[in-house]
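# Structural characterization, general
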Amino acid sequence: MVNYLIFGPPGSGKGTQSVKLAEKFNLMHLSTGDMLRAEIAAGTELGKRMSTIMSKGELVPDEVVIEMIASKIDSTKGKAGFLFDGFPRTVAQTEALEKMLNRRGMKIDSMLVLDVEHDELVKRLILRAEASGRPDDKDPAVIENRIDVYKEKTEPIIDYCRKKGIYQPVNGVGSIEDIFARLSEKIKGIM
Ligand code: B4P
């Protein structure tokens, strides 16, 4: 299996592009954001605890998402690889993912990073709030906090992956189809 991280700040298009890439390349799309929102929608104990953290734009504890991903990796069959969307978000999550994959004879093969400037991110998230009703998209202060958290806790993963030679930046500005074509080219070069 060939395994990809789709990476970028909040609103960079990770979720949007992942759905399309997973379909085109027969990848298992694992979005920790979607998994957490499903817990909240189902009203589970975990969902209730995580909802407060997420509505402030903070990261949920590493062990929560690591556990979620581990159980999905083992139940996946018949796919060409994994597409990890919004995970990892800390260096500790990255190390945990590498260990999980290594134990199963796999590795992270590529980190696809969507490059989008600050003002465009804010614009997209505010627009999405109208349709999605996501509490973390509604409040501009929460959006700014998510971007700050990304810079502080998530961005250091880029350096980590650059040293491993798997970092692949992609221009994340333009039409959804143009960005999809750019990402598809990168994936074709790796598969
Ligand atoms: P996520 O669900 O991962 O949400 P996100 O960062 O906002 O990105 P998303 O993928 O949804 O948005 P996209 O860029 O596709 O995380 C939500 C929260 O969950 C986090 O803040 C955190 O609390 C928690 N969490 C999740 N994973 C975690 C982890 N591993 N560890 C700890 N906590 C975790 O799209 C944004 C908008 O832009 C959309 O409306 C889309 O239509 C639009 N868009 C996309 N591409 C566009 C384009 N080319 N042009 C114009 N608009 C575009």
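Attention in this report is confined to the structure presented alongside it. (Residues numbered from 1 in each chain as written. Predicted model: local features only at pLDDT ≥ 70, side-chain atom pairs only at ≥ 80, totals over all residues. Heavy atoms only, no water.)

Attention now goes to the sheet that holds strand β2 (residues 27–31). Read from one edge to the other, the open sheet built from five strands follows the order β2-β3-β1-β4-β5, with strand pairing classed as parallel. Every interior strand has two partners, whereas the edge strands, β2 and β5 (167–171), have only one. Here the average twist between neighbouring strands, direction ignored, is 20°. (Pairing = 2+ DSSP bridges. Helix = DSSP H or I, 4+ residues; strand = E, 2+ residues; numbered from the N terminus. Axes fitted to C-alpha atoms, helices over the stretch in contact; angles between N-to-C directions.)

Here we come to the pairing of strand β3 (residues 81–85). β3 sits mainly inside the fold: five of its five residues count as buried. Taking every second residue as pointing to the same face, both faces of β3 are buried, with Gly 81, Leu 83 and Asp 85 on one and Phe 82 and Phe 84 on the other. Summarising the sheet, strand β1 (residues 4–7) and β3 pair through three bridges and their orientation is parallel. From the neighbouring strand, Tyr 4 faces β3, where its bridge partner is Leu 83. Where β2 and β3 come together, five bridges link them in parallel fashion. Bridging across to β3, Leu 30 finds its partner in Phe 84. (Buried < 20%, exposed > 50% of the residue type's maximum accessible area, 1.4 Å probe, protein only.)

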